[in-house]
Amino acid sequence: MAPYAVLLLLGLLAPAALASWNIDEDIRLDTIGLLTKYGYPAEVHEVTTDDGYILSLHRVPYSPVSPLQEGKQKPVVFLQHGLLCSSADWVVMGPGAGFAYILADSGYDVWMGNARGNTYSRRHIKYKPGGLFNRKFWNFDWHEVGLYDLPASIDYVLEQTGEDKLFYAGHSMGTTAFWVMTTQRPQYNDKIRAMFALAPIAYMGYMTSPFFQLISLANKPLEFLLSIMGVNEFLPNNELMTLGGKLLCQDKALTQFMCENVLFLIAGYDSEQLNSTMLPVILGHTPAGASTNELLHYSQEIVSFKFRQWDYTLTNLFHYGSLTPPKYKLSKVTAPVALFYSGNDWLAAIKDVNKLYKEISNPIGKFKITHSKFNHLDYLWAIDVKELVYDKVLSLMSRY
């Protein structure tokens, strides 16, 4: 009870109730609940991967301003979230601001993926995510998301819609998984009309996030420590996190600046584009949980300056037949790809994005966000993200 007592005490520093009736409700509603609340049709679909994970897909087949037309299939777009996130990323900011709403209003059939291990995809045909003996469930990183989750999800969406291609937009780890899929299973390039990479992550040698720098410095000791402690899941969504976000991060709370700075330390400082009023809602849905291996794999990338598979160190020869892990051959990414990047993204550094751009085979182009302070998380929650990013994505989509 002690942590809750502390949060309740700190909550007294925020004398005013949450400013808007919808803030408190939006903290608790899930992705489907949010869509339904704002008058959008919402569907839940399930798909089982080849290695047994049961994933939830969320769909917005049309919108109030762009209804279905009899006998006509809307173009399909698939959205994939980043590390520690979920399909809620695309809807928490509400109609006119969340990318899923904007796409549906623009005439698209919108599908949102949920990677294994997050809030909506915590099931397996054999293993359980909780308990003392949960290692087998959490024994994955973003390599498996790209190798199994994305192909299963994309195949299911195409089967359900009768289409043979779709648009793909990913943020952060949602781009990493795409590079994995299209290099390890290159036939999936042919199922992509065009891919839009928001804050693309492949190489990470030049990233400047203090949080990830610290993890990378202690990569091997941390990996060993987490292993012997049996810590396999990183930052799952829970009631304590939700309560903390509500009490400490609301408007007029003296502690709100701390919530802002935690995000800025990870992603880059941009107070101009952060809607602080929405922080309790964001923290009600994010973090959504991930495998510790996903975080550790990124830390390996930072140290090595390479984009390659998991480094087993002493047992690489057993796993791969070589002393070092295989590199992902980005030349195999032949789908049309547009890279959206920014100068103040502390995770997707310009040098790393440039290296990625040179290696993929069919780039549409690189598009630098004009706002100089735009950070890694602004692609989801920035006040002006529609004008700065989404309108350009929609314009490019119309060409394909």
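Residues numbered from 1 in each chain as written. Predicted model: local features only at pLDDT ≥ 70, side-chain atom pairs only at ≥ 80, totals over all residues. Heavy atoms only, no water.

Chemist: I'd like to hear about unusual backbone geometry, residue by residue, with values.
Modeler: Working note: non-glycine residues mostly have negative phi, and peptide bonds are mostly trans. Cis rather than trans, the peptide bond between Thr286 and Pro287 has omega equal to 5 degrees. Within the secondary structure layout, Pro287 lies in the loop between α12 (279-285) and β9 (290-291). For Ala199, which is not a glycine, the phi torsion comes out positive at approximately 60 degrees. Residue placement: Ala199 occurs in the loop between β7 (192-198) and α8 (210-217). The buried category is assigned to Ala199, whose relative accessible area is 0%. Notably, Thr313 is not glycine yet its phi reads approximately 60 degrees, a positive angle. (Helix = DSSP H or I, 4+ residues; strand = E, 2+ residues; numbered from the N terminus. Buried < 20%, exposed > 50% of the residue type's maximum accessible area, 1.4 Å probe, protein only.)

Chemist: Could you give an account of the side chain of Ser291, with specific residues and numbers?
Modeler: Mapped onto the elements of the fold, Ser291 is located in strand β9. Its relative accessible area of 1% is what places Ser291 among the buried residues. Within the structure, Ser291 has its side chain in polar contact with the backbone oxygen of Trp138 (distance 3.0 Å). Excluding its chain neighbours within four sequence positions, the residues that come into contact with Ser291 are Trp138, Phe140 and Asn232. (Polar contact = N/O pair within 3.5 Å; in protein donor to acceptor, adjacent residues only side chain to side chain. Contact = heavy atoms within 4.5 Å.)

Chemist: Let's hear about the pattern of salt bridges: which residues, and what values?
Modeler: One pass over the structure, following the stated rule, counts 15 salt bridges. Of the charged contacts in the structure, one is a salt bridge between Asp24 and Lys246, with a shortest N-O distance of 2.9 Å. Linking Asp24 in helix α2 (residues 21-28) with Lys246 in helix α10 (residues 239-248), this pair joins segments that are 222 residues apart in sequence. One network of salt bridges, with partners in common, ties together Glu25, Asp26 and Lys37. (Salt bridge = Lys/Arg side-chain N within 4 Å of Asp/Glu carboxyl O.)

Chemist: Summarise helix α6 (residues 142-161); cite the residues concerned and give the values.
Modeler: The terminal C-alpha atoms of α6 lie 27 Å apart, and with 20 residues this matches the ideal 28 Å at 1.5 Å per residue to within 8%. Within α6, the axis deviates most sharply at Asp149, by approximately 30 degrees, and proline Pro151 lies no more than four positions further along. Within α6, 16 of the 20 residues are buried, leaving the element largely enclosed by the surrounding structure. One side-chain oxygen at the N-terminal end of α6 lies 2.8 Å from the backbone nitrogen of His143; it belongs to Asp141. Gly162 sits one or two residues past α6 and shows a positive phi near 75 degrees. (Expected span 1.5 Å × (residues − 1). Bend = angle between axes of the 7 residues up to and from the residue.)

Chemist: Residues and numbers for helix α7 (residues 173-184), please.
Modeler: Taking 1.5 Å per residue as the helical rise, α7 with its twelve residues ought to reach 16 Å, and the 16 Å between its terminal C-alpha atoms agrees with that figure. Burial within α7 is extensive, with eleven of its twelve residues counted as buried. Those residues of α7 not exposed but buried are Met173, Gly174, Thr175, Thr176, Ala177, Phe178, Trp179, Val180, Met181, Thr182 and Thr183.

Chemist: Describe in detail the environment of Ile266, supporting the description with residues and values.
Modeler: As for its position among the elements, Ile266 is in helix α11 (residues 256-267). Taking the C-alpha atoms as reference points, Ile266 and His58, separated by 208 residues in sequence, lie 28 Å from one another. Once residues lying within four places of it in the same chain are set aside, the contact partners of Ile266 are Ser209, Phe211, Phe212, Trp346 and Leu347.

Chemist: Before we move on, can you summarise the UniProt feature "active site" (unreviewed entry) in the protein with the specific residues and values?
Modeler: With numbering aligned to this structure, UniProt lists the feature "active site" (unreviewed entry) at Ser172, Asp345 and His376. The largest pairwise C-alpha distance within this set of annotated residues, which runs over 205 residues, is 10.8 Å, so the set is compact in three dimensions. One can find Asp345 in the loop between β10 (337-341) and α15 (350-359). Once residues within four sequence positions are removed from consideration, Asp345 is found in contact with Ala199, Ala267, Phe374, Asn375, His376 and Tyr379. Within the structure, the side chain of Asp345 is placed 2.9 Å from the backbone nitrogen of Ala348, a separation counted as a polar contact. Once residues within four sequence positions are removed from consideration, His376 is found in contact with His171, Ser172, Ala199, Ile201, Ala267, Asp345, Leu347 and Ala348. (UniProt positions renumbered as here; feature names shortened; annotations may be inferred.)

Chemist: Now, about the packing of aromatic side chains: what can you tell me, with residues and values included?
Modeler: Tallied over the entire structure, the rule returns 26 aromatic pairs. Residues Tyr206 and Phe305 carry aromatic rings whose centres are separated by 5.2 Å and whose planes lie at 85 degrees to one another, so their mutual orientation is edge-to-face. Here the residue Tyr206 occupies a position in the loop between β7 and α8, and Phe305 occupies one in the loop between α13 (292-304) and α14 (316-320), the gap between them amounting to 99 residues. On the accessibility criterion, Phe305 (40% relative accessible area) is partly exposed. An aromatic cluster is built from Trp142, Tyr203, Tyr298, Phe307 and Tyr328, whose rings are joined through pairwise contacts. The side chain of Arg193 reaches across the aromatic face of Phe167, ending 6.0 Å from its centre. When the ring centre of Tyr357 is taken as reference, the NZ or CZ atom of Lys366 above it lies at 5.1 Å. (Phe/Tyr/Trp six-rings, centres within 6.5 Å; stacked < 30°, edge-to-face > 60°. Lys NZ or Arg CZ within 6 Å of the ring centre and 35° of its normal.)

Chemist: Describe the state of the cysteines, with residues and values.
Modeler: Per the counting criterion, the structure on display carries one disulfide. The disulfide partner of Cys249 is Cys259, and the S-S distance across this bridge is 1.9 Å. One quick way to see it: the torsion about the S-S bond of Cys249 and Cys259 is about -80 degrees, and its sign makes the bridge left-handed. Of this pair, Cys249 sits in the loop between α10 and α11 while Cys259 sits in helix α11; the two residues are ten residues apart in sequence, bridging distant segments of the chain. Side by side, Cys249 and Cys259 carry an identical accessibility label, which is buried. (Disulfide = S-S within 2.5 Å.)

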